[in-house]
Amino acid sequence: YEAQSELLVTPVAEDDPALTGLALIRSSSDPSRDVETVARLVTSRAVAADVRAELSLEESPQDLADSIDASPVAQSNIVVISASENDPELAADIANSFAENAIADRDEKLRAQLKPLIESLQARAGDANLPRDAAVTLTEQLTRLESLDAGGDPTIRFETSAAPPDRPGAPRPGVARA
């Protein structure tokens, strides 16, 4: 049985100064590169380890990562995560868990980057000697980073959950020949 979930990739602008240095998916001159990057991140060993723990699977994280396929859909911002298993429910659970854990992994890494930036801006914004224009700018930056911290990585969203398939995907029945 093969089940598929989908992620939507929405890169941030390359030239956004508020996001400089953050590990976000950025728009590039080759849009397919952005989606391919996410497809690679989905199959990372860290994500597979989280899926393994969440679903209490016995496979090693590497074997689990190797058993799924994360592929960009041509000319789109969609990554399809496909899991094949003998049990349709498990196939859907694995595809969904990879999508959820890939997003959680990205969120965790982003928050780790944001924490020291937010703390630094909070300290600077509290400076009574700061000129008004600079204080307004710092407050705007701080608000934006705190919003990112609360919302997580805005570049990847779980678009479509996998449903357990009704019938096996392979092997497909052959056509009888006379």
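Refer to the structure printed above.
Okay, so let's go over this structure.

Scoring rules and cut-offs
- Residues numbered from 1 in each chain as written.
- Predicted model: local features only at pLDDT ≥ 70, side-chain atom pairs only at ≥ 80, totals over all residues.
- Heavy atoms only, no water.
- 1 Å grid on protein atoms, 1.4 Å probe; cavity = no way out; pocket = protein on both sides within 12 Å on 5 of 7 lines; lining within 4 Å.
- Points joined across faces, edges and corners; volume = space filled by probe spheres on them.
- Helix = DSSP H or I, 4+ residues; strand = E, 2+ residues; numbered from the N terminus.
- Nonpolar A, V, L, I, M, F, W, Y, C, P; charged D, E, K, R; others polar.
- Pairing = 2+ DSSP bridges.
- Axes fitted to C-alpha atoms, helices over the stretch in contact; angles between N-to-C directions.
- Contact = heavy atoms within 4.5 Å.
- Core = buried A, V, L, I, M, F, W, Y, C linked by side-chain atoms within 4.5 Å.
- Buried < 20%, exposed > 50% of the residue type's maximum accessible area, 1.4 Å probe, protein only.

What follows covers the layout of surface pockets. In this approach the atoms are scanned with a rolling probe the size of a water molecule, which exposes any empty space left behind. Approximately 160 Å³ is the volume attributed to the largest pocket. Lining the largest pocket are Pro17, Ala18, Thr20, Leu117, Ser120, Leu121, Arg124, Leu138, Gln141 and Leu145. Contributing elements (two or more residues each) for the lining of the largest pocket: helix H4 (88–125) and helix H5 (132–151). Looking at which element gives the most residues to the lining of the largest pocket, the answer is H4, with 4 residues. Residues that form the lining of the largest pocket fall into these classes: 6 nonpolar, 3 polar and 1 charged.

A word on the sheet that holds strand S4 (residues 156–160). Two pairing modes exist for strands in a sheet, parallel and antiparallel, and in both the strands are linked by backbone hydrogen bonds. Pairing is antiparallel in the open sheet, where 4 strands are placed in the order S2-S3-S1-S4. At either margin of the open sheet sits one strand with a lone partner, and together these are strand S2 (68–72) and S4. If you compare each strand with its neighbour and ignore which way they point, the axes differ by 25° on average. Where helix H1 (residues 31–42) meets the sheet, its contacts fall on strand S1 (2–9), S2, strand S3 (78–84) and S4, and the angle it forms with S2 comes to roughly 170°. In the packing of H4 onto the sheet, the strands contacted are S1, S2, S3 and S4, and the crossing angle to S1 comes to about 25°.

Another aspect to go through is the nonpolar core. As a rule of thumb, nonpolar side chains are buried together in soluble globular proteins. By size, the foremost hydrophobic cluster in this structure holds 29 residues, and its most contacted members are Leu7, Val38, Val42, Ile68, Val79, Ile81 and Phe98. In terms of residue count, the dominant contributor to this core is H4 (8 residues). Core analysis: the next-biggest nonpolar cluster, separate from the first, contains 12 residues, Leu22, Leu24, Leu121 and Leu142 among them.

Right, let's talk about unusual backbone geometry for a bit. The residue Ser56 is not glycine, and still its phi comes out positive at about 55°. Assignment of secondary structure puts Ser56 in the loop between helix H2 (45–55) and helix H3 (61–67). By relative accessible area, which is 62% here, Ser56 ends up exposed. Positive phi is not limited to glycine here, since Gln75 has a value of about 55°. Secondary-structure assignment places Gln75 in the loop between S2 and S3.

Here we take up the environment of Ala39. Along the polypeptide, Ala39 turns up in helix H1. Ala39 gets classed as buried once you look at its relative accessible area, which sits at 7%. Apart from the residues within four sequence positions on either side, Ala39 is in contact with Ala70, Ser71, Pro72 and Val79.

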